[in-house]
Amino acid sequence: MSDKPKHQLFATRLGVIAATVGSAVGLGNIWRFPYEAGVHGGGAFLVIYVFFIVLLGIPVLCAEFALGRSTHCNVLGCFRHLKPGQPFWKIIGVIGVTSGMMILSFYSVIAGWTLEYFVVSLKGEVAGNSTEELHSLFGDFTAGLRPVMWTVVFLLINYCVIVRGVRKGVEKASNLLTPALMILLAVFCVNSLTMPGAADGLSFLFKPDFSQITPGVVIGAMGQAFFSLSLGLGCMLTYASYFPDRTPLVRSAAVTVGLDVLTAVMAGVLIFPVVFTYGFSPQEGPTLVFEVLPAIFAQVSGGWFWAPLFFFMLFLASLTSTISMSEIGIAWLTQDRGMSRGKACVLVIAVAMVCGVACALSFGYWSGLSLPVIGEFNIFNFFDYTSSNVLLPLGGMLISIFAGWMLDRNILRRELTTPRTALSSLAPAIVFLLRYVSPVMILVIFIANL
Ligand code: PFF
């Protein structure tokens, strides 16, 4: 077992950006953001979310980049390498691998829904239907066993990509996709803006009603900021361990954050006008987007063409995200546990399949099941809430404490400023946020929520 593995690196600068943006942009922006914003009051949620992106997201992302690139290690090896003899910091790695597996499990269920809708819309079963017909189409689907099948299919596709290795698998998959998805989103935003409910939708999303703010809204927005940027679980740390030394970290973080927030806001602009036009409830929860998107495609001209295209792109965007979350566990198993990449991939996918099937059943056969320890949550909600709203912020807090207080200041500074770019001058501000702002803020929110 060696602490500094012979590492593989991303080949090009575009490869680095495509991979990190590919990880960040996914169902978190297009499925999770609108449903969380809908449940938590719209505008107020958006404002707090952006606030957390700036004060927590950017510094923690820079910290993960610096930790990963300076050690070229996985999320457990990194802390062992930097602080040998201080096993406490292993906890960050344990949180990371655990929450990575939890997210991979429930995320694959939703990615499976995109596959179902891709196939259904290809067969022409979406275009031209009434909202009621679409509603029962979705209800019948989630009540049956097809979601289980699609979860398994999606995880098998994910397996085929990750088993081919970092450079070939990830980089190729990411290069074209995210820009294409964003263009498609922009086209559909324009369409939503012409709908009769556009004004109501936009005012729901952009007009904050601060009386709506509750501890639940704050925790939800913080969780969404971490989830959306793939932060707090060592995913970006693992990717950064494949960055070459010439990658400018602060600039890469800025591009990733910018595109990530833009995609989420576009998804909101796409969804909420439709919600108000067709009388959906914004508070519908995880199923919101899958009720609303087909309603759009059923009405637009050329829906038979746009619908499968959109769902296929959404599937690909999910895939670049699940590739990155799988890599957390795989990097650990191959580097620290001496497993071959092939075996590690099989293990990660097998665990995700077992948990994923349980999550998939939460909308159908097991929808009434809420385990006593979990309160009113079904299995899916438990996985989603615990990983996003508890484990990721906790991991993010520990990462900022480590980067701000434990890590040699010179290492952090050097990583953030080499090579020099205009944005390197932000390094002192980032260090300040990591030391004094992000850990305190996360802790206060946790305590307030208890
Ligand atoms: N950031 C991804 C999204 O918004 O869809 C989700 C995600 C990817 C979370 C990778 C965690 C992770 F490690």
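The structure under discussion appears in the preceding block.
Described below are features of the structure shown in this document.

The rules behind each value
- Residues numbered from 1 in each chain as written.
- Predicted model: local features only at pLDDT ≥ 70, side-chain atom pairs only at ≥ 80, totals over all residues.
- Heavy atoms only, no water.
- Helix = DSSP H or I, 4+ residues; strand = E, 2+ residues; numbered from the N terminus.
- Rg over C-alpha atoms; globule rule 2.2 N^0.38 Å.
- Buried < 20%, exposed > 50% of the residue type's maximum accessible area, 1.4 Å probe, protein only.
- Areas by Shrake-Rupley, 256 points an atom, 1.4 Å probe, with all protein chains shown as cover.
- 1 Å grid on protein atoms, 1.4 Å probe; cavity = no way out; pocket = protein on both sides within 12 Å on 5 of 7 lines; lining within 4 Å.
- Points joined across faces, edges and corners; volume = space filled by probe spheres on them.
- Nonpolar A, V, L, I, M, F, W, Y, C, P; charged D, E, K, R; others polar.
- Expected span 1.5 Å × (residues − 1).
- Bend = angle between axes of the 7 residues up to and from the residue.
- Core = buried A, V, L, I, M, F, W, Y, C linked by side-chain atoms within 4.5 Å.
- Contact = heavy atoms within 4.5 Å.

## Description of the overall build of the protein chain
Helix and strand counts for the protein chain come out as 19 helices and 0 strands. Its C-alpha atoms give the protein chain a radius of gyration of 21 Å, near enough to 22 Å, the size a compact globule of 450 residues would have. Each of the three principal axes of the protein chain carries a C-alpha extent, and together these read 60 × 45 × 45 Å. By residue count, 61% of the 450 residues in the protein chain fall in the buried class. For the protein chain, the accessible area works out to roughly 16,500 Å², and carbon and sulfur atoms hold 68% of it.

## Considering the layout of surface pockets
Empty space among the atoms becomes apparent when a probe as large as a water molecule is rolled across them. Looking at the largest pocket, its volume works out to about 260 Å³. What lines the largest pocket is a set of 15 residues, and nearest its centre among them are Tyr35, Glu36, His40, Phe377 and Tyr385. Partitioned by chemical class, the residues of the lining of the largest pocket number 6 nonpolar, 6 polar and 3 charged. When its volume is computed, the second largest pocket comes out at roughly 220 Å³.

## Description of empty space enclosed by the protein
Scanning the model with the defined rule gives 1 cavity of 30 Å³ or more in all. The volume enclosed by the largest cavity comes to roughly 150 Å³. Ser23, Ile103, Phe227, Ser230 and Met325 are the residues nearest the centre of the largest cavity, which is lined by 16 residues in total. Among the elements of the structure, helix 1 (13–24), helix 2 (27–39), helix 5 (90–122), helix 11 (215–228) and helix 15 (303–335) are those that each provide at least two residues to the lining of the largest cavity. Considering each element in turn, the lining of the largest cavity owes the most residues, 3 residues, to helix 15. The residue makeup of the lining of the largest cavity, split by class, is 8 nonpolar, 8 polar and no charged.

## Observations concerning helix 2
For helix 2, with 13 residues, the first-to-last C-alpha span of 17 Å sits near the 18 Å given by 1.5 Å per residue. The axis of helix 2 is deflected most strongly, by about 35 degrees, at phenylalanine 33, and proline proline 34 appears within four residues downstream. Burial analysis of helix 2 places 12 of its 13 residues in the buried class, the great majority of the element. Of all the positions in helix 2, only Leu27, Gly28, Asn29, Ile30, Trp31, Arg32, Phe33, Pro34, Tyr35, Glu36, Ala37 and Gly38 are classed as buried. Positive phi appears at glycine 41, one or two residues downstream of helix 2, with a value of about 90 degrees.

## Here's the deal with the nonpolar core
Most often, soluble globular proteins have nonpolar side chains that are buried together. Tyr49, Phe52 and Leu293 are the most contacted members of the largest nonpolar core, which has 161 residues in total. The biggest single contributor to this core is helix 5, with 16 residues. Those residues in contact with phenylalanine 52, other than ones at most four positions away along the chain, are Gly57, Val218, Ala221, Met222, Ala225, Met441 and Ile445.

No statement about biological role is implied by the geometric values presented.
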